[in-house]
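# Chain and residue survey
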Amino acid sequence: MNLSGKTAIITGGSRGIGRAIALKLAEKGANIVVNYTSSPDKATEVVEQIKEMGREALAIKADVSKEEDVSSLVKEVSKQFSTIDILINNAGITKDTLLIRMKDDDWDRVLDVNLKGTYLCTKLVAKKMMKQRSGKIVNITSVVGIIGNAGQANYAASKAGVIGLTKSSAKELAARGVNVNAVAPGFIHSDMTDKLSDEVVENYAKNIPLGKMGDPEDVANAVAFLCSEEASYLTGQVLNVDGGMVM
Ligand code: NAD
């Protein structure tokens, strides 16, 4: 897998799965734009690590749920790099509670970041990729978007929406040489899951045939494959990275 000379934007790339993806794509040769919202120090750390690998890298602050932020992100990247070859829609949040207790604001915010954010970034970057007649977009969904999860109606709906968006944009963009796929992680070590109790983790692990939680690098490896030339005949697919949890 060789991504030399490619430019990749990773939304929410300063920590967790996004950070692992940023480092993996850089290891494969890509120049990296680390998008972040709240942790400039962590984003700068990732940028420094990537520069040490000999790649170009920069951190750009943008809330993916806001069109003006996404528009300035894409403008800034276009100023610094001649092409945008890879977009990883990784930014995501949870606001978990049972449906009957859910506040409308928590529904709206999760849908705004996870689904609208993916839509806005895809729309603005796809315009450039269509002109280039090439590009790879990978959306990070979740197995919860496929099977649902009690206490995560907003999150599951947003991730199911991401799958519909992936398939529709794959159909629209295929003729212009742009591949759009999704990766559905199962239960992966990150800030999002580290707050769960040992008991919850043990219960989840029981339902994972490979018997353990995944690491951010497991997701990053699948994403790197989907960004590579080796995956050029794949589009509109959802690749589960879940230790066999959903099959
Ligand atoms: P995380 O909380 O560590 O990372 C989420 C990232 O998104 C952070 O960098 C955060 O700053 C960023 N972000 C949040 N709101 C944003 C906004 N409005 N604009 C831009 N960036 C924003 O969690 P993670 O586990 O690394 O999650 C990464 C992705 O993987 C998410 O889409 C998540 O839904 C998905 N996922 C995670 C798991 C898991 O088990 N950890 C499972 C399935 C799917």
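Parameters at a glance
- Residues numbered from 1 in each chain as written.
- Predicted model: local features only at pLDDT ≥ 70, side-chain atom pairs only at ≥ 80, totals over all residues.
- Heavy atoms only, no water.
- Helix = DSSP H or I, 4+ residues; strand = E, 2+ residues; numbered from the N terminus.
- Rg over C-alpha atoms; globule rule 2.2 N^0.38 Å.
- Contact = heavy atoms within 4.5 Å.
- Areas by Shrake-Rupley, 256 points an atom, 1.4 Å probe, with all protein chains shown as cover.
- Near = heavy atom within 4 Å.
- Polar contact = N/O pair within 3.5 Å; in protein donor to acceptor, adjacent residues only side chain to side chain.
- Nonpolar A, V, L, I, M, F, W, Y, C, P; charged D, E, K, R; others polar.
- Phe/Tyr/Trp six-rings, centres within 6.5 Å; stacked < 30°, edge-to-face > 60°.
- Buried < 20%, exposed > 50% of the residue type's maximum accessible area, 1.4 Å probe, protein only.

### Some details on the overall build of the protein chain
- Looking only at helices and strands, the protein chain features 9 helices and 7 strands.
- Taken against the 2.2 N^0.38 rule, which gives 18 Å for 247 residues, the C-alpha radius of gyration of the protein chain at 17 Å falls within 12% of a compact globule.
- Its C-alpha atoms give the protein chain principal-axis dimensions of about 50 × 40 × 35 Å.
- Within the protein chain, contacts between residues separated by at least 24 positions form 76% of all contacts whose residues are at least 6 apart in sequence.
- Summing over all exposed atoms, the protein chain offers an accessible surface of approximately 11,800 Å²; the carbon and sulfur share of this is 49%.

### Section: the site of the ligand
- Around the ligand sit 29 residues, and of these Arg-15, Asn-90, Tyr-155, Ile-188 and Ser-190 come closest.
- With respect to the ligand, the side chain of Arg-15 contributes an N or O atom lying 2.7 Å from an oxygen atom.
- Residue Val-64 places a main-chain N or O atom 3.1 Å away from a nitrogen atom belonging to the ligand.
- Across the complex, the protein chains shield 95% of the 820 Å² of accessible surface that the ligand would expose by itself.
- In terms of residues, the shell around the ligand owes the most to one element, helix H7 (residues 191-194), which gives 3 residues.
- Of the residues contributing to the shell around the ligand, the split by class is 12 nonpolar, 12 polar and 5 charged.

### Some details on the packing of aromatic side chains
- Overall, the coordinates contain 1 aromatic pair when judged by the stated rule.
- Taking the centre distance of 4.2 Å and the plane angle of 35° together, the rings of Phe-187 and Tyr-204 count as tilted. Taken together, the residues span a long stretch of sequence, with Phe-187 in the loop between strand E6 (178-185) and H7 and Tyr-204 in helix H8 (residues 198-206) at a distance of 17 residues.
- On the accessibility criterion, Phe-187 (6% relative accessible area) is buried.

### Remarks on unusual backbone geometry
- A positive phi is found at Arg-133, a non-glycine position, where the angle reads about 60°.
- Structurally, Arg-133 can be placed in the loop between helix H4 (104-132) and strand E5 (135-140).
- By relative accessible area, which is 51% here, Arg-133 ends up exposed.

By themselves, these are just geometric observations and shouldn't be taken as functional.
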